[in-house]
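Summary of the model geometry
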Amino acid sequence: MNILSIRGVSRSFASQNGGAATLALQATSLDAAENDFITILGPSGCGKSTLLRIVAGLDQPTSGEVLLDGTQVSGAGADRGMVFQSYTLFPWLNVRDNVCFGLRERGLALAQQHEIAQSFIARVGLSGFEQHYPKQLSGGMQQRTALARALANGPRMLLMDEPFGALDHQTRELMQELLLGIWEAERKTVLFVTHDIDEAVFMGNRVMVMSARPGRIKFESAVPFAHPRHYRIKTSAEFVKLKAELTEQVRAEVLASTALYSEPLHPASPAATP
Amino acid sequence: MLGVSFFVGFTGLWALATLGGFVSKTFLADPITMVQSGWRLLTEMGFAKDIGITMWRVFGGFAIAAVLALPLGVLMGAYKPVEALFEPFVSFARYLPASAFIPLLILWAGIGEVQKLALIFIGSFFQLVLMIAVVVGNTRRDLVEAAYTLGCGDGGIVRRVLIPSAAPEIAEILRMVLGWAWTYVIVAELIGASSGIGHMITDSQALLATDQIIFGIVVIGVIGLVFDFAFKRMNQRLYPWAQLGK
Ligand SMILES: Nc1ncnc2c1ncn2[C@@H]1O[C@H](COP(=O)(O)OP(=O)(O)O)[C@@H](O)[C@H]1O
Ligand SMILES: [Mg+2]
């Protein structure tokens, strides 16, 4: 059975100055099965974050509905963990207390909270940093803590909105391997938004490509690589071929979005100007 | 160090002007006379008690204002309808000059302690409420959303995100407004009081005792400075995370 069903979800935003509303997301449908790792690609502004926020319950769809295990989602909840692109650790809490945040909300005994937190902190490789405040951590370490915080809460599924988007290339590749390693052990259902095609293919077992704004899922491809995946598959012929195909798909949408939303570089001018 | 040298320079200039005979003693006492009469005030004339009374007024009025302003400010910052209800009135009340209430308060409450506490309350409460509401309202949206996805409800958001996130800035606001409360209490004591630092100053004015007046002013300044410093230190201790990356 599907764990998540997105059914005809669209979102339009009322404009501030009373003009026409902007359609950010066209009616979109997507089903995620248990243990799916779905990556979503698309040009910026196509509605990826909007879609993910609606699934998280942080935003309401204009039409359509989101079902989690068959029940309609009506707000945010601990059953859908989220990792954001921006650094969202609570600056007044150290690493351990950040990871304990959701556990404390559930009223777990302190010793139990710490035990769970400890194991997830170890899994993201941050043992020894429990007492550090977020400002004392690098970006990559902050995102690892955010991942541990989301996982420690034991969500049904994980939503990730370009979680590594602000990291440098090397750190990002290490983070991909770390997340993949954790996923291979748990196989938690994941919805992962990115604009990095490499990342989408390496991490996902299904890749979705969204169209230019207003977005919809216009292309889907299964990723055939078995788990556990080694980073060297990135240079395999099959990987390169899939990546090339997706590059074409995404490129078409990026072109469409720039042609639609920016001035032409060389405006046509009359041939004979006095 | 630079700050201390300015104090020294300032005192030196004052000593030069007064001891050098450039300024009449009736208008401005010299530093040595000031210290001497200050000592006399403290040891023989019970000025220490005046200082104690003034301090209790400041902290009493300020504590009442803070205890009431904190919940109201937090609620206004957290909930739009609460803000819509109170914000216009509080904004208006904030611009009412507290000192202008003194005659009215004397009519209502006489020149006793209630009048002093009420004045400090009026002077600090509305400022506190508005500034706290702004700080709480400016809490990072993404932190609130992260807390929601971790299973927080509305009450949890207020308790576990809005308040801790705003706490260091709220503490700074309290520190600042406490400084203002000092000026209100002195004004209240200058106009109608039978004790306190301000009362001593008006009494000294009748006696043309500028040495005592200046001593009173210096005492006010020193106490203000000491508490400001202690408050700042306490905030740094309480919120070490807010110091990071500064
Ligand atoms: N709160 C909002 N109000 C108005 N417009 C919005 C809002 N959030 C997003 N949008 C618009 O919706 C479109 C999709 O945004 P978003 O989902 O953030 O795109 P992506 O994550 O794919 O880059 C953008 O054009 C954006 O300007
Ligand atoms: Mg986005």
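The residue count restarts for each chain, going from 1 along the sequence in the order it is written. Ligands are numbered from 1 and chains lettered from A, in the order in which they are written. Under the rules for a predicted model, residues below a pLDDT of 70 receive no local features and side-chain atom pairs below 80 are neither given nor counted, while totals for whole chains, interfaces and linings still include all residues. The basis for every side-chain value is the complete set of heavy atoms in the structure, and neither hydrogens nor water enter the calculation.

**Overview of helix H5 (residues 169–186) of chain A**
Residue and element names in this part refer to chain A. In this text, helices come from DSSP runs of H or I with a minimum length of four residues, and strands from runs of E with a minimum of two, each type numbered from the N-terminal end. The span you would expect from a helix comes to 1.5 Å times its residue count less one. For H5, built from 18 residues, the straight-helix expectation of 26 Å at 1.5 Å per residue is met to within 8% by its first-to-last C-alpha distance of 26 Å. Within the span of H5, buried status applies to Arg172, Met175, Gln176, Leu179, Leu180, Ile182, Trp183 and Glu184. Buried residues along H5 sit in contact with strand S3 (37–41), helix H3 (110–123), helix H4 (139–152), strand S7 (157–161), strand S8 (189–193) and helix H6 (197–203). One or two positions beyond H5, positive phi appears at Arg187, with a value near 55°. Throughout, exposure labels follow a simple rule: accessible area from a 1.4 Å probe, protein chains only, divided by the maximum for the residue type, with under 20% read as buried, over 50% as exposed, and the rest as partly exposed. Contacts were defined at the residue level, with two residues in contact if any of their heavy atoms lie within 4.5 Å.

**What to know about the confidence of the model for chain B**
Any region with low pLDDT has predicted coordinates that should not be read closely. All names here are of chain B. Across chain B, the average pLDDT comes to 90, with 100% of residues at or above 70. The lowest-confidence element of chain B is helix H5 (residues 102–109), averaging 84 in pLDDT; the highest-confidence one is helix H7 (residues 141–149), averaging 97. Model confidence for the complex is summarised by a pTM of 0.88, with the ipTM given as 0.90. Here pLDDT means the predictor's own confidence in every residue, given as a number from 0 to 100.

**Structural notes on the environment of Val9(A)**
All names here are of chain A. Structurally, the position occupied by Val9 is in strand S1 (residues 2–13). On the basis of relative accessibility, which here comes to 0%, the residue Val9 falls in the buried class. Taking the C-alpha atoms as reference, Val9 lies 4.2 Å from Gly64; in sequence the two are 55 residues apart.

**Overview of the packing of aromatic side chains**
The pairing test for Phe, Tyr and Trp rings, Trp by its six-membered ring, is centres within 6.5 Å, and the orientation test on the planes gives stacked under 30 degrees, edge-to-face over 60, and tilted for anything in between. For the structure shown, the criterion picks out 13 aromatic pairs over all chains. Judged by centre distance (4.9 Å) and plane angle (55°), the rings of Phe59(B) and Phe227(B) are tilted. One end of the pair, Phe59(B), is in helix H3 (residues 47–78); the other, Phe227(B), is in helix H10 (residues 210–238), with 168 residues separating them in the sequence. Look at Phe227(B) and you get partly exposed, because its relative accessible area is 27%. Geometrically, the ring pair formed by Phe121(B) and Phe125(B) is stacked, given 4.9 Å between the ring centres and 15° between the ring planes. Within this pair, Phe121(B) and its partner Phe125(B) are both found in helix H6 (residues 113–137), separated by four residues, close to a single helical turn. Looking at Phe121(B), the relative accessible area reads 21%, which means it is partly exposed. An aromatic cluster is defined as three or more aromatic residues linked by ring pairs; in this entry it consists of Phe89(B), Phe92(B), Phe121(B), Phe125(B) and Phe126(B). For a lysine, the NZ atom is tested; for an arginine, the CZ atom; a charge sits over a ring if that atom is within 6 Å of the ring centre and within 35 degrees of the ring normal. Over the ring of Phe120(A) we find Arg123(A); its NZ or CZ atom is 4.3 Å from the centre of that ring. Here Arg149(A) stacks its cationic end above the ring of Phe90(A), 4.8 Å away from the centre of that ring.

**Digging into the interface of chain A and chain B**
In this complex, chain A contributes 26 residues to the contact, which on the side of chain B involves 20 residues. For the chain A and chain B pair, buried surface summed over both sides reaches about 2,100 Å², with 64% attributable to carbon and sulfur atoms. Broken down residue by residue, the surface that chain A buries against chain B is led by Trp92(A), Phe101(A) and Glu105(A), which jointly contribute 32%. Throughout this description, the term salt bridge denotes a Lys or Arg side-chain nitrogen within 4 Å of a carboxyl oxygen of Asp or Glu. Run the count over chain A and chain B and you get two salt bridges. The salt bridge involving Arg160(B) is made with Glu105(A); its shortest N-O contact spans 2.7 Å. Side-chain atoms alone can form a polar contact between residues adjacent in sequence; in general such a contact is a pair of N or O atoms within 3.5 Å, and within protein one must be able to donate a hydrogen while the other accepts it. Linking chain A to chain B there are six residue pairs in polar contact (both at pLDDT 80 or more). Of all the elements in the fold, those that place two or more residues in the side of chain A that touches chain B are strand S6 (80–83), helix H2 (95–105) and H4 of chain A. Broken down by element, the residue count for the side of chain A that touches chain B peaks at four residues, all from H2(A). We call Asp, Glu, Lys and Arg charged. Ala, Val, Leu, Ile, Met, Phe, Trp, Tyr, Cys and Pro are nonpolar, and the rest, Gly among them, are polar. Among the residues forming the side of chain A that touches chain B, the class breakdown is 13 nonpolar, seven polar and six charged. Buried area is understood as the total, over both parts, of accessible area removed when two parts are fitted together, assessed with a 1.4 Å probe.

**Focus: the side chain of Asp196(A)**
All names here are of chain A. Counting through the fold element by element, Asp196 comes out in the loop between S8 and H6. For Asp196, a relative accessible area of 16% gives the class buried. Reaching out from Asp196, the side chain makes a polar contact with the backbone nitrogen of Asp198 at a distance of 3.0 Å. Non-local contacts of Asp196, meaning those with residues more than four positions away in its chain, are made with Leu41, Arg172 and Gln176.

**Thoughts on a nonpolar patch on the surface**
Patches here are clusters of residues that have more than 30% relative accessible area and form no salt bridge, with a 9 Å joining cutoff for like charges and a 5 Å cutoff for nonpolar side chains (Val, Leu, Ile, Met, Phe, Trp, Tyr). Where accessible areas are quoted, they stem from the Shrake-Rupley method and a 1.4 Å probe; at the residue level, only the protein chains shown are allowed to cover. On the surface, Met1(B), Val4(B) and Val8(B) cluster together to form a nonpolar patch covering roughly 360 Å² of accessible area. If you trace the backbone, Val8(B) turns up in helix H1 (residues 2–19).

**A short note on the pattern of salt bridges**
Inspection of the entire model under this criterion finds 22 salt bridges over all chains. Of the charged contacts in the structure, one is a salt bridge between Arg206(A) and Glu220(A), with a shortest N-O distance of 2.8 Å. Of this pair, Arg206(A) sits in strand S9 (residues 206–210) while Glu220(A) sits in strand S10 (residues 217–222), placing them 14 residues apart in sequence. Overall, the relative accessible area of 17% leaves Arg206(A) in the buried class. What makes Glu220(A) partly exposed here is its relative accessible area of 41%. Notably, a salt bridge pairs Arg140(B) with Asp142(B), separated by 3.1 Å at the nearest N-O pair. Salt bridges sharing partners connect three or more residues here, namely Glu34(A), Asp69(A) and Arg156(A).

**Description of the nonpolar core**
Grouped together as the largest cluster of nonpolar side chains are 68 residues, with contacts concentrated most on Phe90(A), Phe101(A), Phe47(B), Leu128(B), Val161(B) and Ile197(B). If you tally residues by element for this core, the top one is helix H8 (residues 154–191) of chain B, at 16 residues. If we skip the residues at most four places from it in the chain, Leu128(B) touches Phe62(B), Ala65(B), Ala66(B), Ala69(B), Ile173(B), Leu174(B) and Val177(B). Residues grouped as a nonpolar core are buried Ala, Val, Leu, Ile, Met, Phe, Trp, Tyr and Cys residues, joined through side-chain atoms within 4.5 Å. Counting residues in hydrophobic clusters, the runner-up holds 48 residues, among them Ala148(A), Leu151(A), Val201(A) and Met203(A).

**Quick look at the sheet that holds S8(A)**
Two modes of strand pairing occur in sheets, parallel and antiparallel, and in both the strands are linked by backbone hydrogen bonds. Residues and elements named next belong to chain A. By this definition, two strands are paired if DSSP reports at least two bridges between them. Taking strand neighbours across the sheet as the criterion, the six strands line up as S6-S7-S8-S3-S9-S10 in an open arrangement whose pairing is mixed. Looking at strand neighbours, the two that pair on one side only are S6 and S10, the edges of this open sheet. Ignoring strand direction, the axes of neighbouring strands in this sheet form an average angle of 15°. Note: S7 against S8, five bridges, orientation parallel. Among the inter-strand pairings, Met160 is bridged to a residue of S8, identified as Phe192. Against the sheet, helix H1 (residues 48–56) touches S3, S6, S7, S8 and S9, its axis set at about 150° to S7. Only the stretch in contact is used when fitting a helix axis, every axis being a line fitted to C-alpha atoms; angles between N-to-C directions are given from 0 to 180 degrees.

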